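Descriptive structure summary
Residues per chain, in single letters:
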Amino acid sequence: MNFKIKNSSLKQPFLMVALFALLGVLNSCYSFTGSSLTDEKTVQINEFPNNAALVNPALSQQFSTDIQNRFLQRTTLKGTKENPDILIEGEISDYAISPTTISSNTQTNPSGGVIQQAQNKLTITVKVHYENKVHPDSSFDRTYTDEATFNSNLSQADIEASQVKLVTERIINKIFNDIVANW
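Everything quoted here is computed from the prediction, not taken from an experiment. (Residues numbered from 1 in each chain as written. Predicted model: local features only at pLDDT ≥ 70, side-chain atom pairs only at ≥ 80, totals over all residues. Heavy atoms only, no water.)

1. With respect to the pattern of salt bridges
Summed over the entire model, instances satisfying the criterion amount to 6 salt bridges. Ionic pairing is found between Arg 70 and Glu 169, a salt bridge with its closest N-O pair at 2.4 Å. You can see Arg 70 sitting in helix α2 (residues 59-74) and its partner Glu 169 sitting in helix α3 (residues 156-181), a full 99 residues away along the chain. According to the relative accessible area criterion, Arg 70 is buried, its value standing at 7%. What makes Glu 169 partly exposed here is its relative accessible area of 31%. Among the ionic pairs, Arg 170 bridges to Asp 146, the shortest N-O distance being 3.1 Å. Taken together, the residues span a long stretch of sequence, with Arg 170 in helix α3 and Asp 146 in strand β7 (residues 140-151) at a distance of 24 residues. Through salt bridges with shared partners, a single ionic network connects Asp 146, Arg 170 and Lys 174. (Salt bridge = Lys/Arg side-chain N within 4 Å of Asp/Glu carboxyl O. Helix = DSSP H or I, 4+ residues; strand = E, 2+ residues; numbered from the N terminus. Buried < 20%, exposed > 50% of the residue type's maximum accessible area, 1.4 Å probe, protein only.)

2. Here's the deal with the packing of aromatic side chains
Per the counting criterion, the structure on display carries 3 aromatic pairs. When the centroid spacing of 5.1 Å and the interplanar angle of 70° are considered together, the rings of Phe 48 and Phe 63 count as edge-to-face. With Phe 48 in the loop between β1 (42-45) and α2 and Phe 63 in helix α2, this pair connects stretches of sequence that are 15 residues apart. Taking the ring centre of Phe 176 as reference, the NZ or CZ of Arg 70 above it sits at 5.8 Å. One cation-aromatic arrangement involves Arg 142 over Phe 140; the distance from NZ or CZ to the ring centre is 3.9 Å. (Phe/Tyr/Trp six-rings, centres within 6.5 Å; stacked < 30°, edge-to-face > 60°. Lys NZ or Arg CZ within 6 Å of the ring centre and 35° of its normal.)

3. So, α3
The terminal C-alpha atoms of α3, which comprises 26 residues, lie 35 Å apart, in line with the 38 Å expected from a rise of 1.5 Å per residue. At Gln 163, α3 is deflected by roughly 30°, the largest bend along its length. For α3, every residue scored as buried is listed here: Ile 159, Gln 163, Val 164, Val 167, Thr 168, Ile 171, Ile 172, Ile 175, Phe 176, Ile 179, Val 180 and Ala 181. Residues of α3 that are buried in the fold lie against α2, β3 (86-99), β6 (119-132) and β7. (Expected span 1.5 Å × (residues − 1). Bend = angle between axes of the 7 residues up to and from the residue. Contact = heavy atoms within 4.5 Å.)

4. Things to note about the packing of α2 against α3
The geometry of α2 relative to α3 is characterised by a closest axis approach of 10 Å and an angle of 40° between their N-to-C directions. When the axis of α2 is compared with that of α3, the two are oblique. In terms of crossing hand, the pair formed by α2 and α3 is right-handed. Where α2 abuts α3, its residues Leu 59, Gln 62, Phe 63, Asp 66, Ile 67, Arg 70, Phe 71 and Arg 74 lie against Val 164, Lys 165, Thr 168, Glu 169, Ile 171, Ile 172, Asn 173, Ile 175, Phe 176, Ile 179 and Val 180. The residue inventory of the contact of α2 with α3, partitioned by class, reads 11 nonpolar, 3 polar and 5 charged. (Axes fitted to C-alpha atoms, helices over the stretch in contact; angles between N-to-C directions. Parallel < 35°, antiparallel > 145°, perpendicular 65-115°, else oblique. Left-handed = near helix turned anticlockwise from the far one by under 90°. Nonpolar A, V, L, I, M, F, W, Y, C, P; charged D, E, K, R; others polar.)

In structure tokens:
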């Protein structure tokens, strides 16, 4: 292969400068973080008490810690207890495990009959109060619910280790997106 490059000493630096200028213009037009929190600097996230009829003793502390970590690790907000720009608080209002319809998972028993496995559904509901002191029109009160279906043969410890974590992660994602992304 034989390549001929004419006037490469002039074209290459010009192209590099033009590329960086274009990237600078694009970066000023669009924020790659996607965050709507531009002027807010501090956040206070209060503990979410578990006021559900069925109480998972570890849920309140775990949910509160997980939502605090999400905001402190994925935003530039700093945690505070005094005069925050953003206040996030609420309660866990429902925690329920209920039977659902029989799943399509089947097993064959020794006598040749078909056994269908039963499933349960975990539902968690969280009420959230979001107050933005810098942009009060962004404040809201909302209720978030999510659920997970699982085999009924899971132990309570297995449910709390896997299913509760899954559902609370989804709820925290929804809350975070509603506050930070605000799309």
